[in-house]
Amino acid sequence: MDIVSRNNITVTGPEDAPVLLLAHGFGCDQNMWRLVAPALAESFRVVQFDYVGSGRSDLSAWSEARYGALGGYAQDVVEICEALDLREVRFVGHSVSAMVGVLAAAAAPDRIASLIMIGPSPCYVDTPGYRGGFSAEDIDELLESLESNYLGWSAAMAPVIMGNPDRPELGEELANSFCATDPAIARVFARTTFLSDSRDDLKSVSVPTLVLECSQDAIAPREVGAYVHEAIPGSRLVTLDATGHCPQLSAPEATVTAIADFVGIQS
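Parameters at a glance
- Residues numbered from 1 in each chain as written.
- Predicted model: local features only at pLDDT ≥ 70, side-chain atom pairs only at ≥ 80, totals over all residues.
- Heavy atoms only, no water.
- Salt bridge = Lys/Arg side-chain N within 4 Å of Asp/Glu carboxyl O.
- Helix = DSSP H or I, 4+ residues; strand = E, 2+ residues; numbered from the N terminus.
- Buried < 20%, exposed > 50% of the residue type's maximum accessible area, 1.4 Å probe, protein only.
- Pairing = 2+ DSSP bridges.
- Contact = heavy atoms within 4.5 Å.

(A) Representation of the pattern of salt bridges. This model, assessed by the stated rule, comprises 13 salt bridges. Note that Arg 6 and Asp 76 form a salt bridge whose closest N and O atoms lie 3.4 Å from each other. Placement of Arg 6 in helix α1 (residues 3-6) and of Asp 76 in helix α4 (residues 70-83) is noted, with a sequence separation of 70 residues between them. Here Arg 6 and Asp 76 have matching classes, each one buried. The partner of Glu 213 in a salt bridge is Arg 222, and the shortest N-O contact between them spans 3.3 Å.

Below you can see the structure in the form of C-alpha cells.
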C-alpha cells in the first residue's frame, strides 16, 4: 500500500533540517497545524499527515479492528517513518496523539528521537489519586451524546474544547473539522480516545520529552500536565499563557517558540 497516499502525507522545509512529525488529535486533520507549520518549516523538515479515517486519508484503509485501539494509530506513525525513511524524528503529538507518540517511540526507538506533547492526557477519567478532568459518568454521557447526535455534539463541544469564547471563529473551525469526519469512524476514535488509559505506558518513555500545556484547558487540566511531567524522568514542562486545548490555533507563535526552543536544546 502507498503510505504517502493512504495518510495524505505532506512534507515542507529544508531537506537536511531536523525532522518534525506533526500528529493531529481526535476529530481533526493536518489542517490544525496550518498556523504553525509554515513558521516551523523555516528551520525544520516538517512532515504532516492524516490518520487513516481522518481528513483526506484513504478511508478504504480504515478498520475498527485496527483503529479501535491507540496502537493502530501508532502503527500509522511507524509506517510513515518507515515509508519516508525518517530517523531522529521529533514527534509532535496533539492531545491523544501525545500518547500515540509514546507507543510509536516504544515500537520504533530507532526512528523517534524525542517527544513533544501538546495538551497530553494519559487518562481522561478521574480515579483515586488521579485527576483526569472527567468523572466516569461525564465520559459516558459524552460518548452517548456523540453517538446519538454527532453533529449536535460537535457544535456543542467544539467551543468548549477550543476555549477562547472571545474568538468564536476558532470554535467554529474545530466544529467544522469534527463534522467533516465520518460519524461512524468518529464514534470509534472517540471511544478509543476517551476510554484509553496510557498511564503505565509513560514508564517506557526514555527519549527527551516536552510537555506543553495551556494555563487553562478544559480537556487536559494542569494536574494532568504535572502528572505526565512527573511520570517521565527528565521531561520538560512548559505552560503557555494561553487558554483552550488547541494552542497551535489559539497561540501559534508561542507554540512555535516552545517547540523550536526544545528542539534547539536537544540538537
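That covers the picture; the talk isn't over yet.
(B) Structural detail: the pairing of strand β6 (residues 209-216). Counted residue by residue, β6 has six buried out of eight residues, so it is predominantly covered. As defined by bridge partners, β6 adjoins strand β7 (residues 236-243) across six bridges and the pair is classed as parallel. In the sheet register, Glu 213 faces β7, and the bridge partner there is Thr 239.

(C) Quick look at the environment of Ile 139. With respect to the helices and strands, Ile 139 occurs in helix α6 (residues 136-148). Taking the relative accessible area as the measure of exposure, Ile 139 reaches 1% and is therefore buried. Put simply, Ile 139 and Val 125 are 14 residues apart on the chain and 7.3 Å apart in space, counted from C-alpha to C-alpha. Sequence-distant contacts of Ile 139, defined by excluding residues within four places in its chain, comprise Tyr 124, Val 125, Phe 134, Phe 194 and Leu 195.

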